[in-house]
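Descriptive structure summary
Given next are the chains, with one letter for each unit.
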Amino acid sequence: MKPKFIFPIFAIFLLISCSEKTDYNKFIKLPEDHRWLKTDSKIFEFTIDDDTKLYDVTFEFSHIYDYQFASVPIKIDVKNPSGEEEFHNIDFNIKDSKGKPLADCGGDICDMSMNVIEKTKLLKGKYQIKVGHDFNGPYLPNVIGVGIKVTQSK
């Protein structure tokens, strides 16, 4: 093999080996009016097959550019295979203390994420995560969608 071909092959191998292992990734788009109703909690179900590894559970949030709120009250209920529940009430920051947006935006769509669970052993079996919000009103406006991603910790 010629030396000029070794570097590209090595670079590809390095990128593949350093990428995170995603065990579950689901994103739910909201209707065209971009209103997340208070009564419309989203349900995510996944199975953990290997309980010897550490996992991260990440909440994903997409909104319309120039979001009008600095933070959003998010409720996350994690039910493990034995039926035990763990509740997370998060003040999900959309902007920093100076009002600067924290999201990664492309055009009118902004994407954000936050680890809810980090470097934790998860029991083998089926999990259910229920995601809702506690916004003061019947709906949270300008939300494109929400998601949950489960990855093996680095």
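Residues numbered from 1 in each chain as written. Predicted model: local features only at pLDDT ≥ 70, side-chain atom pairs only at ≥ 80, totals over all residues. Heavy atoms only, no water.

In the nomenclature of an unreviewed UniProt entry, the chain is known as Gliding motility lipoprotein GldH of Flavobacterium cheonanense.

**Some words on the sheet that holds strand β9 (residues 125-133)**
A sheet is described by the order of its strands in space; here 4 strands give the open sequence β3-β9-β5-β6, paired in antiparallel fashion. Unpaired on one side and paired on the other, β3 (42-48) and β6 (85-93) mark the two borders of the sheet. Each strand axis lies, on average, 20 degrees off the axis of its neighbour in the sheet, ignoring direction. In this sheet, β9 lies alongside strand β5 (residues 71-79) in antiparallel orientation, the contact comprising 6 bridges. When the bridges of β9 are listed, I74 appears paired with H133. (Pairing = 2+ DSSP bridges. Helix = DSSP H or I, 4+ residues; strand = E, 2+ residues; numbered from the N terminus. Axes fitted to C-alpha atoms, helices over the stretch in contact; angles between N-to-C directions.)

**Observations regarding the confidence of the model for the chain**
A residue-level look at the chain finds 87% of positions with pLDDT of 70 or above and a mean pLDDT of 90. The model gives residues 5-18 a pLDDT under 50, and that stretch makes 3 contacts with residues more than four places away or in other chains. (pLDDT = per-residue confidence, 0-100. Contact = heavy atoms within 4.5 Å.)

**Comments concerning the pairing of β6**
Both β5 and β6 contribute to a ladder of 9 bridges, which runs antiparallel. Its bridge partner lying in β6, V72 is registered against F92. The turn linking β5 back onto β6 is made up of 5 residues, and G83 within it adopts a positive phi angle of 90 degrees.

**Describing the nonpolar core**
F59 and F61 are the most contacted members of the largest nonpolar core, which has 34 residues in total. Filtering out sequence-adjacent residues up to four positions away, F59 remains in contact with I74, I76, F92, M112, S113, M114, V116, V131, V146, G147 and I148. (Core = buried A, V, L, I, M, F, W, Y, C linked by side-chain atoms within 4.5 Å. Buried < 20%, exposed > 50% of the residue type's maximum accessible area, 1.4 Å probe, protein only.)

**Comments concerning unusual backbone geometry**
Even without being glycine, H34 reaches a positive phi, approximately 55 degrees. Position of H34 among the secondary structure elements: in the loop between β1 (22-29) and β2 (36-37). Here the phi dihedral of K119 falls at roughly 45 degrees; this positive angle occurs in a residue that is not glycine. Examined against the element boundaries, K119 turns out to sit in strand β8 (residues 109-121).

**Considerations on the pairing of β3**
Judged by which residues are buried, β3 turns out to be one-sided: K42, F44, F46 and I48 face inward and are buried, whereas I43, E45 and T47, on the alternate face, are not. One ladder, built from 7 bridges, connects β3 with β9; its direction is antiparallel. Along β9, the bridge assignment pairs F46 with Y127.

**What to know about the sheet that holds β8**
With respect to topology, 5 strands assemble into an open sheet ordered β1-β11-β4-β8-β7, the strand pairing being antiparallel. In this open sheet, the two strands that pair with only one neighbour each are β1 and β7 (104-106). Pairwise comparison of adjacent strand axes, ignoring direction, gives a mean angle of 20 degrees for this sheet. In this structure, strand β4 (residues 54-64) lies alongside β8, joined through 10 bridges in antiparallel fashion.

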